[in-house]
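Report on the structure
Here is how the chains run, residue by residue.
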Amino acid sequence: MRPWKMCGLAVVVAVAATACGGGGAADGGEGAGPAAAGSGGSGFPVRVTDCQGVPTTFPAAPARIVTSNAAALEMLLRLGAGVRVIGTGFPPGKGTLPADLDARAQRVPVLGKMVIPKEKLLGSGADLYIDTFASMEHMGGAGDAPTAAEFASAGIRHLYLASTACAPMAKEPQRDLSGVEGDLTRLGAVTGTSKRAAELVSGMRAKVAAVHKAIGEVPPERRPGYFFFDFDAGTKQPIAVCGKQVANAVINQAGARNVFDGCDGAFQRVSWEDVVGKDPDWIQLAVRNRGDAEANRKAFEEAAAFLKGFPATRGLKAVRDGKFLRIGSERTTIAGVGNADTVEEIAHTLYPAQFAAAR
């Protein structure tokens, strides 16, 4: 079996450090605090560019970081830079992150249950804001996003997650995890945790490579159709994950075919007639993590019961055959290390014989 050729995501965010490596005191775990992080060291200055190519230079690692949501927060926790996070928006619910991260995440001050209000963000005392969204206006509820001049006046550098904020501007869909890997690499360079970032990226690549080795290169015409059913987004009109969403890359790398790969952007409202027309082979019951195993089980069962009982969907091949994947939505649609785990889980479900043969 031939290994898959990885398709790169065209994003315009890059790192260019004037010194080699990311070592120094901040390369350690959570014990590497703000004083050590802000003292410069190898790998600095670091220069990054945003989605439009506007450059920002970091002379030293930031000491006070605000994250827009749980995705950026989790990345920083995994990098060992979590002690520098002084606030977040869209906080992770209790129990929704892996146990080793959950307690630390719950200690981070919440600056906004959804989008952080502009005035609170600018007055937070942060020296770095990590933005998961291309525009806070699209996330609702907190007024306009600060301008570049307002960020500069407040002394806050503004860094985007390319895999989510920049992806809608890309010309091509996301079909591999290079965007997520790039985000981890950039955050590692900026926070002085490049060594840890390299370890995380290496771990993700190893998991995806093992999937490709087991199942080989599956041509498009042989890939099973896959529908990501966001049950919690509402059942009156489904929301599809489109080609430029991280989930599309996860599904593709697992050897499946996102039936809505062709829609532009990250998400799009579709009709149940559209879903019926696609007649997917597999459906992911993508409920949001309740933070409790029993609550999650009930939510998955509710999602399955809806599809089995709803007149428009009960005749779908995947519904008739019970071909459901009970995988939480965050692990699929939110950029992070867990995306590689989801690739594994989807692939093992769709190709059990190949994995059995590879043992």
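That block above? That's the structure.
This text gives an overview of the structure that appears in the document.

About the cut-offs
Residues numbered from 1 in each chain as written. Predicted model: local features only at pLDDT ≥ 70, side-chain atom pairs only at ≥ 80, totals over all residues. Heavy atoms only, no water. Pairing = 2+ DSSP bridges. Helix = DSSP H or I, 4+ residues; strand = E, 2+ residues; numbered from the N terminus. Contact = heavy atoms within 4.5 Å. Axes fitted to C-alpha atoms, helices over the stretch in contact; angles between N-to-C directions. Phe/Tyr/Trp six-rings, centres within 6.5 Å; stacked < 30°, edge-to-face > 60°. Lys NZ or Arg CZ within 6 Å of the ring centre and 35° of its normal. Disulfide = S-S within 2.5 Å. Buried < 20%, exposed > 50% of the residue type's maximum accessible area, 1.4 Å probe, protein only. Right-handed = clockwise from strand over helix to strand, strands pointing away.

This part takes up the sheet that holds strand β9 (residues 225-229). With parallel pairing, 4 strands are arranged side by side in an open sheet as β11-β9-β13-β14. Single-partner strands in this sheet number two, and they are β11 (257-258) and β14 (324-325). The pairing of strand β13 (residues 282-285) with β14 spans 2 bridges and is classified as parallel. Within the sheet, the bridge partner assigned to I283 lies in β14 and is F324. Here helix α11 (residues 293-309) sits on the sheet and contacts β9, β13 and β14; the angle it forms with β13, its principal contact strand, is near 140°.

Pairing in this open sheet of 5 strands is parallel, and the strands run β6-β5-β4-β7-β8 from one edge to the other. Strands with a single pairing partner mark the edges of an open sheet, and in this sheet they are β6 (110-112) and β8 (157-160). With strand direction ignored, the average angle separating the axes of adjacent strands in the sheet is 25°. The pairing of strand β4 (residues 65-67) with strand β5 (residues 85-89) spans 3 bridges and is parallel. Residue pairing for β5: T67 is matched across the bridge by T88. Across the sheet, helix α7 (residues 178-191) lies against β4, β7 (128-131) and β8, angled at about 155° from β8, the strand it touches most.

Another aspect to go through is the packing of aromatic side chains. Per the counting criterion, the structure on display carries 10 aromatic pairs. Between F306 and F310, the ring centres sit 4.9 Å apart and the planes meet at 20°, which makes this aromatic pair stacked. Of the aromatic side chains, those joined through ring pairs into one cluster are F227, F229, F231, F260, W272, F306 and F310. Lying across the ring of F58, R157 places its NZ or CZ 5.5 Å from the centre.

A few words on the side chain of E181. By the secondary structure assignment, E181 is in helix α7. Non-local contacts of E181, meaning those with residues more than four positions away in its chain, are made with V201, M204 and R205.

For the structure shown, the criterion picks out 1 disulfide. The disulfide bridge from C242 ends at C263, spanning 1.9 Å between sulfur atoms. Looking along the S-S bond of the C242-C263 disulfide, the torsion reads about -105°, which is the left-handed sense. Of the two residues, C242 sits in the loop between β10 (239-241) and α9 (246-253) while C263 sits in the loop between β11 and β12 (267-269), which places them 21 residues apart along the sequence. For the pair C242 and C263, a shared accessibility class is recorded, and that class is buried.

Side-chain positions along a regular strand alternate between the two faces of the sheet. Among the 5 residues of β5, 4 are classified as buried, and the element is accordingly described as predominantly covered. For the handedness criterion, the β-α-β arrangement of β4, helix α2 (residues 70-79) and β5 is classed as right-handed. With 2 bridges connecting them, β5 and β6 associate as parallel partners. The partner of G89 across the bridge, within β6, is G112. After leaving β5, the chain enters helix α3 (residues 99-106) and then returns to the sheet as β6, a path that is right-handed.

A word on the environment of V110. Topologically, V110 is positioned in strand β6. Separated by 21 residues in the primary sequence, V110 and G89 place their C-alpha atoms 6.1 Å from one another. When sequence neighbours within four positions are dropped, the list of residues in contact with V110 reads T88 and P91.

By themselves, these figures tell us nothing about what the structure is for.
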